[in-house]
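These are the residues of each chain, in order.
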Amino acid sequence: QVHLVESGGGLVQAGDSLRLSCAASGRTIESYLMAWFRQAPGREREFVAAINWSASSTYFADSVKGRFTISRDNAKNTMYLEMNSLKPEDTAVYTCAARLGYNVYYSAPYVYNYWGQGTQVTVSS
């Protein structure tokens, strides 16, 4: 069982930056595909970014490409999401997810077995 806890959310202004963390416990995440999703009020859960076990491959939604960076530190059992040039439309609850092994459908929520509780990110204009 993998327990995920997000942190780093908050209220910022448009153009600001935030760094989210996803700390895992229970098992080492070394062999896990990790991802970030977000959900705004009244909207479906949306894929944001994913990273493979070795960090050799990263994947981003078009809406955040060039602004967000995903990384991981397996020694610390932690994944990160660096968010730059934030926009009001980035406002959402950001949740991290994990699954053992790679899956080509990395942007689909159903492939992930473990989920955190989420952290709120609010971007004011």
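These notes cover the structure that comes with them. (Residues numbered from 1 in each chain as written. Predicted model: local features only at pLDDT ≥ 70, side-chain atom pairs only at ≥ 80, totals over all residues. Heavy atoms only, no water.)

By the element assignment, Thr-95 lies in strand β9 (residues 92-100). Sequence-distant contacts of Thr-95, that is, excluding residues within four places in its chain, are made with Glu-6, Ala-35, Trp-36, Phe-37, Trp-115, Gly-116 and Gly-118. (Helix = DSSP H or I, 4+ residues; strand = E, 2+ residues; numbered from the N terminus. Contact = heavy atoms within 4.5 Å.)

Attention now goes to the state of the cysteines. For the structure shown, the criterion picks out one disulfide. The disulfide partner of Cys-22 is Cys-96, and the S-S distance across this bridge is 2.1 Å. In this structure the cystine formed by Cys-22 and Cys-96 twists about its S-S bond by roughly 65°; its chirality is therefore right-handed. With Cys-22 in strand β3 (residues 18-25) and Cys-96 in strand β9, this residue pair connects regions lying 74 residues apart in the sequence. Across this residue pair, the class does not change: Cys-22 and Cys-96 are buried. (Disulfide = S-S within 2.5 Å. Buried < 20%, exposed > 50% of the residue type's maximum accessible area, 1.4 Å probe, protein only.)

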